[in-house]
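# Fold and contact review
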Amino acid sequence: MWEDLGLNPLEESVYRVLIGRPDASVEEVAAAGGATDESPRVVVALEALEARGLVTRTPDGARFVATSPAETLGAELVERRERLHRAELALAGLVETYRVGSMGRAQRELMEIVEGTEAVRRRYVQMQLTARNTIDFFSTGGHQAVGPETTQEARALRRGVRLRGVIDEEFLSQPSGSDNLDASLIEGTCVRTVRAIPLKLIICDGEVAMLPLHGRGTEVSPSLVLRGGPVNVARALFEAVWERARPYTERTWEIEAVDARLMRLLLAGLTDATAAAQLGLSTRTVQRRIQALMVRAGVSTRLQLGWHARDHRWV
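Residues numbered from 1 in each chain as written. Predicted model: local features only at pLDDT ≥ 70, side-chain atom pairs only at ≥ 80, totals over all residues. Heavy atoms only, no water.

### As for the overall build of the protein
Operational definition: In this text, helices come from DSSP runs of H or I with a minimum length of four residues, and strands from runs of E with a minimum of two, each type numbered from the N-terminal end. Accessible area is worked out with a 1.4 Å probe on protein chains only. A residue is then buried under 20% of its type maximum, exposed over 50%, and partly exposed in between. The contact criterion used is simple: two residues touch if any of their non-hydrogen atoms lie within 4.5 Å.
Secondary structure assignment for the protein yields 14 helices and ten strands. Looking at the protein as a whole, 42% of its 315 residues qualify as buried. Sequence separation of at least 24 residues holds for 67% of the intrachain contacts in the protein that already meet a minimum separation of 6.

Listed below in structure tokens is the structure:
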């Protein structure tokens, strides 16, 4: 970790000594580190730390004081993250330039096979990073290549890209499935749900699409990247599923947040037991809450409860 922050072992040792006391002289630092015969090397380390703002001198110049790592190293980390983000965007642009310049043949311009889960992940993230206007996607089953820790949805949204996603029951049934979905809603993704989705899919700007070569229920590798005319087929499929899918919103009027989440999960097609697992409740507790909502809505069936929830904007 310290090497990642640009400190060598001696600088780390010296800094650790200083942050454990108000101030210290060169000799005291050397003695605390068990290096009484290496004071010249300690002086070099102290000067390096001082140059980075991690150490300051007392007014008489004879003693050294450690500064807050949160202020100094924290600022450096923020700057490094920003540089990494800029590098990712530059790399994505270079990759796309390489693709356009090297393909040459029409069939490779229209269709490309990506093999290997890691290669699929890189291409998926690249598509998210280079999208200019829209990203449409299907999510089904568990994460294979891209998960909550690697997706670039939030960055795309901050750039003003519109995201629409269709999620199915299998995705919602995964551990933390509803939590991940709620996080996407808060960030600004528009989400709808259906019972089952044909396959995993991402379409960027209506110009490029990626989907598993062998369809639903298979590994994401190999995946097929489509451009040109074939993308129209993927777009038509997405729009058809989007139109018949049920909105899954973050709105919670009149009822408790947990009940709003429960209603969204039930309307998405999950069973009582699966919804209970997503909410961290027992099945019996879920059933009691449903019964209470039915009483409050003045209805006698769950179907009527679903209509009431829609009409009264509970979800």
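Now, onward.
### Some remarks on empty space enclosed by the protein
Rules: Here a cavity denotes a set of grid points, spaced 1 Å apart and computed over the protein atoms alone, in which a 1.4 Å probe fits but from which it cannot get out, and a pocket denotes an open set meeting protein on both sides within 12 Å along at least five of seven lines; residues with an atom within 4 Å of a point are reported as lining. Grid points are joined across faces, edges and corners, and a volume is the space filled by probe spheres set on the points. Gly falls in the polar group here, along with every residue not listed as nonpolar (Ala, Val, Leu, Ile, Met, Phe, Trp, Tyr, Cys, Pro) or charged (Asp, Glu, Lys, Arg).
Following the criterion strictly, the structure yields one cavity of 30 Å³ or more and no others. Here the largest cavity is characterised by a volume of approximately 40 Å³. Those elements giving two or more residues to the lining of the largest cavity turn out to be β10 (246-247) and α11 (257-267). Its residues assigned to classes, the lining of the largest cavity comprises five nonpolar, two polar and three charged.

### Details of the pairing of strand β5 (residues 162-168)
To keep it simple, the criterion reads: Convention used here: a crossover is right-handed provided that the path from the first strand, over the helix, to the second strand proceeds clockwise when the strands point away from the viewer. Should DSSP find at least two bridges between two strands, the strands are taken to pair.
The buried fraction of β5 amounts to six of the seven residues, a majority that puts the element mostly inside the structure. Regarding topology, helix α7 (residues 153-158) serves as the crossover connection from strand β4 (residues 134-139) to the parallel β5, and that connection is right-handed. Bridge count between β5 and strand β6 (residues 190-194): five bridges; the pairing is parallel. Directly across from R164, in β6, lies its bridge partner C190.

### Quick notes on the packing of helix α1 (residues 9-19) against helix α3 (residues 39-51)
Rules: Only the stretch in contact is used when a helix axis is fitted, and all axes are lines through C-alpha atoms; the angle between N-to-C directions ranges over 0 to 180 degrees. Throughout, the term roughly parallel applies to angles under 35 degrees, roughly antiparallel to angles over 145, roughly perpendicular to angles from 65 to 115, and oblique to all others.
Where α1 meets α3, the closest approach of the two axes is 9 Å, and the angle between their N-to-C directions is 80°. Taken together, α1 and α3 sit at an angle that is classed as roughly perpendicular. Mapping the contact onto sequence places L10, E11, V14, Y15 and L18 in α1 and R41, V42, A45, L46, A48 and L49 in α3. Taken together, the residues that form the contact of α1 with α3 break down as nine nonpolar, no polar and two charged.

### Remarks on the nonpolar core
In a soluble, globular protein the nonpolar side chains are often hidden away together inside. The cut-off we apply is this: As used here, the term nonpolar core means buried Ala, Val, Leu, Ile, Met, Phe, Trp, Tyr and Cys residues forming a set that is joined through side-chain atoms within 4.5 Å.
Core analysis: the largest hydrophobic core is formed by 46 residues, its most contacted members being I135, L172, I202 and L305. A total of five residues in this core trace back to one element, the largest contributor, which is helix α13 (residues 283-297). Once you skip the residues sitting within four places of it in the chain, L305 turns out to touch M263, I290, L293, M294, A297, V299 and W314.

### Thoughts on the side chain of R164
Among the secondary structure elements, R164 is positioned in strand β5. When sequence neighbours within four positions are dropped, the list of residues in contact with R164 reads I135, D136, F137, C190, F238, E239 and W242.

### Overview of the pairing of strand β7 (residues 201-204)
Burial of the side chains of β7 extends over both faces: L201 and I203 are buried on one face and I202 and C204 on the other. Taken together, the four bridges between β4 and β7 define a ladder with antiparallel strand orientation. Its bridge partner being in β7, D136 is matched across the sheet by I203. By the bridge criterion, three bridges tie β7 to strand β8 (residues 208-212) in an arrangement that is antiparallel. When the sheet's bridge partners are listed, C204 is paired in β8 with V208. Linkage of β7 to β8, two consecutive antiparallel strands, is achieved through a turn of three residues, within which D205 is found at a positive phi near 60°.

### Some thoughts on the packing of aromatic side chains
What counts here: Centre distance within 6.5 Å is the pairing criterion for rings of Phe, Tyr and Trp, where only the six-membered ring of Trp is used; planes under 30 degrees apart are then read as stacked, over 60 as edge-to-face, and the remainder as tilted. Over a ring means this: the NZ of a Lys or the CZ of an Arg is within 6 Å of the ring centre and within 35 degrees of the ring normal.
A complete count under the given rule lists two aromatic pairs for this structure. Judged by centre distance (5.3 Å) and plane angle (25°), the ring pair of F138 and F238 falls under stacked. With F138 in strand β4 and F238 in helix α10 (residues 229-244), this residue pair connects regions lying 100 residues apart in the sequence. Here F238 falls in the buried class, since its relative accessible area comes to 0%. When the centroid spacing of 5.9 Å and the interplanar angle of 20° are considered together, the rings of F238 and W242 count as stacked. Of this pair, F238 and W242 both sit in helix α10, four residues apart, roughly one helical turn. Of the two residues, F238 and W242, neither departs from the other in class, the shared state being buried. Taken together, the ring pairs connect F138, F238 and W242 into an aromatic cluster. Sitting over the ring of W242, R164 keeps its end group 5.0 Å from the ring centre.

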